[in-house]
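# Results of the structural survey
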Amino acid sequence: MGIAIMCSGGDAPGMNPAIKRFVDYVYMKNEKPYFIYNGLEGLIDNNIKQAYHNDVSGILHRGGAIIGSSRSQRFYEKNYRKKAYENLLKNDIDSLIVLGGDGSFRAMDVFCKEYNIKFMGIPSTIDNDIAGNDYCLGVDTALNVIRDASDKIRDTASTFKRGFVIEVMGRECGYLCATSAVACGAELCLIPEVDLDLDLAKDILKKQINNGRNYVLCFVAEGVDKTDFMVDWISENLGLETRKSILGYIQRGGNPTVFERLMAFEFIVKAVDKLIAGLDTNKVIVYKDGQFSELSIDFIANSKYIINQHILNMLNFIG
Ligand code: F6P
């Protein structure tokens, strides 16, 4: 029986190194690797092929996912999930690795409860919002893209003495925004998890401006939906001409960092080993407090990610 890999949901840098390691490692273990192209849509449409070493040569440094990905509406319907399962049987596949985020894992939870498959998940989303897990593939690269963009925006902010509002992705999760705000030295940061006291921020920044500060960087998580509000707030309350920069999809692209590649390798080896052993499957590999372990797909699908307090504490840099 074969082991298949599939990407689901938003692409994340780190998926390609994981796909490469998957093919190489599965052959090393004398098993047969398969690709499911275009995520759950491809699983429903039987877009499945055996993978070979030459499929994965020269992909390690590339962002995105060579096997494609999708967000599938059809997979919500029972008859399409039945089709998906039948396609796995048709291709002699009994084991499945999914690189995805919370939506993908909720779909896999339903699938695993309905059908007898061996499944292992690998957290892969720049949002970093998987419960019980500190690191998702894609995050380190995305943080570095944001750092690079913010450093460049700072050049104009400081030269023109402007306010800049930088909108960061992450859906309802503020991890990406908070971490990069700290790393990039932002003066203001708005994330869904924290109510920023704007009156206090105004007092502090006004004092700094009176003492010579002449530009301000404000990071806003897309989940708070306050980018335009903050542009107006800074110009009205701090008296600085203010612009916005919505970083958008550049955050999901680019060549994976060294850390990303190493993490991708580790996640894959652990997932493949579990599937080959055939015990203790239907789990997601997680990285927590510097250690790898597994959590059940049921737990992952039904729990909410809580941002680490340590990161929130670092946000108290205003004043
Ligand atoms: O989940 C990753 C992510 O990039 C989010 O940060 C963002 O809100 C969303 O995907 C965008 O989704 P789509 O690719 O469907 O536009």
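The structure displayed is predicted, hence computed values, not measured ones.

Summed over the entire model, instances satisfying the criterion amount to eight aromatic pairs. Ring geometry for Tyr85 versus Tyr115: centroids 4.4 Å apart, planes at 15 degrees, classification stacked. Remark: Tyr115 occurs in the loop between helix H4 (102–114) and strand E5 (118–123) and Tyr85 occurs in helix H3 (residues 78–90); sequence separation between them is 30 residues. Taken as a pair, Tyr85 and Tyr115 share a single burial class, namely buried. Between Tyr287 and Phe292 the ring centres are 4.8 Å apart and the planes differ by 55 degrees, which places this aromatic pair in the tilted class. Judged by its relative accessible area of 19%, Tyr287 is buried. The class of Phe292 is partly exposed, set by a relative accessible area of 21%. Following the ring pairs from residue to residue traces out a cluster consisting of Phe75, Tyr85, Phe111 and Tyr115. Lying across the ring of Phe265, Arg21 places its NZ or CZ 5.2 Å from the centre. It is Lys226 that lies over the ring of Phe229; its NZ or CZ is 5.6 Å from the centre.

Moving on, we come to the sheet that holds E5. Strand order across the open sheet formed by seven strands is E3-E2-E1-E4-E5-E10-E11, with mixed pairing between neighbours. Whereas interior strands pair on both sides, the edge strands pair on one side only; in this sheet they are strand E3 (48–50) and strand E11 (291–296). Between one strand axis and the next, the sheet turns through 25 degrees on average, direction left out of account. Summarising the sheet, strand E2 (residues 33–36) and E3 pair through three bridges and their orientation is antiparallel. Bridged to Phe35 within E3 is Lys49. Together, strand E1 (2–7), E2, E3 and strand E4 (93–100) form the strand contacts of helix H1 (residues 15–28), whose direction differs from that of E1 by roughly 175 degrees. Sheet strands in contact with H4 are E1, E4, E5 and strand E10 (283–288), and its direction is about 170 degrees off that of E5.

Quick look at the site of the ligand now. Contacts to the ligand come from Arg71, Thr125, Asp127, Met169, Gly170, Arg171, Glu222, Tyr249 and Arg252. Within the backbone of Gly170, a nitrogen or oxygen atom sits 3.1 Å from an oxygen atom of the ligand. Between the ligand and the protein, one listed contact pairs an oxygen atom with a side-chain N or O atom of Glu222 at 2.5 Å. Contact with the protein chains covers 76% of the free accessible surface of the ligand, which is 400 Å². Among the detected pockets, the ligand sits in the largest pocket.

Reported here for the largest pocket is a volume of approximately 900 Å³. If you go around the largest pocket, you meet 43 residues; those closest to its centre are Gly101, Asp102, Gly103, Arg106 and Arg171. For the lining of the largest pocket, the secondary-structure elements that each account for two or more residues are H4 and helix H10 (297–301). Considering each element in turn, the lining of the largest pocket owes the most residues, six residues, to H4. Counted by class, the lining of the largest pocket contains 16 nonpolar, 14 polar and 13 charged residues.

Taken in spatial order, the four strands line up as E7-E8-E6-E9 in an open sheet, and their pairing is parallel. In the strand order of this sheet, the two ends are held by strand E7 (188–190) and strand E9 (242–246), each with one partner. Neighbour to neighbour, the strand axes of the sheet diverge by 15 degrees on average, direction disregarded.

Another aspect to go through is the pairing of E4. Burial within E4 is extensive, with seven of its eight residues counted as buried. Where E1 and E4 come together, six bridges link them in parallel fashion. Along E4, the bridge assignment pairs Ile3 with Ser95. Between the parallel elements E4 and E5, the chain passes through H4 in a crossover that is right-handed.

Moving on, we get to unusual backbone geometry. We note that Asn128 has phi near 55 degrees; this positive angle belongs to a residue other than glycine. Structurally, the position occupied by Asn128 is in the loop between E5 and helix H5 (139–160). We classify Asn128 as buried; its relative accessible area is 0%. The residue Asp280 is not glycine, and still its phi comes out positive at about 60 degrees. With respect to the element layout, Asp280 can be found in the loop between helix H9 (258–277) and E10. By relative accessible area, Asp280 is classed as partly exposed at 39%.

Taking 1.5 Å of rise per residue, the 13 residues of helix H7 (residues 198–210) would be expected to cover 18 Å, and the 18 Å separating its terminal C-alpha atoms lies within 8% of that figure. Looking at H7, one finds that the buried residues are Leu198, Ala201, Ile204, Leu205 and Ile209. For H7, the angular spread of buried residues about the axis comes to 140 degrees, placing them on one side. For H7, the exposed residues lying more than 90 degrees away from the buried face are Asp199, Lys207 and Asn210. Residues of H7 that are buried sit in contact with E7 and helix H8 (227–238).

Cut-off values and rules
Residues numbered from 1 in each chain as written. Predicted model: local features only at pLDDT ≥ 70, side-chain atom pairs only at ≥ 80, totals over all residues. Heavy atoms only, no water. Phe/Tyr/Trp six-rings, centres within 6.5 Å; stacked < 30°, edge-to-face > 60°. Helix = DSSP H or I, 4+ residues; strand = E, 2+ residues; numbered from the N terminus. Buried < 20%, exposed > 50% of the residue type's maximum accessible area, 1.4 Å probe, protein only. Lys NZ or Arg CZ within 6 Å of the ring centre and 35° of its normal. Pairing = 2+ DSSP bridges. Axes fitted to C-alpha atoms, helices over the stretch in contact; angles between N-to-C directions. Contact = heavy atoms within 4.5 Å. Near = heavy atom within 4 Å. Polar contact = N/O pair within 3.5 Å; in protein donor to acceptor, adjacent residues only side chain to side chain. Areas by Shrake-Rupley, 256 points an atom, 1.4 Å probe, with all protein chains shown as cover. 1 Å grid on protein atoms, 1.4 Å probe; cavity = no way out; pocket = protein on both sides within 12 Å on 5 of 7 lines; lining within 4 Å. Sits in = over half its atoms within 2 Å of the grid points. Points joined across faces, edges and corners; volume = space filled by probe spheres on them. Nonpolar A, V, L, I, M, F, W, Y, C, P; charged D, E, K, R; others polar. Right-handed = clockwise from strand over helix to strand, strands pointing away. Expected span 1.5 Å × (residues − 1). Arc of directions from axis to C-beta.

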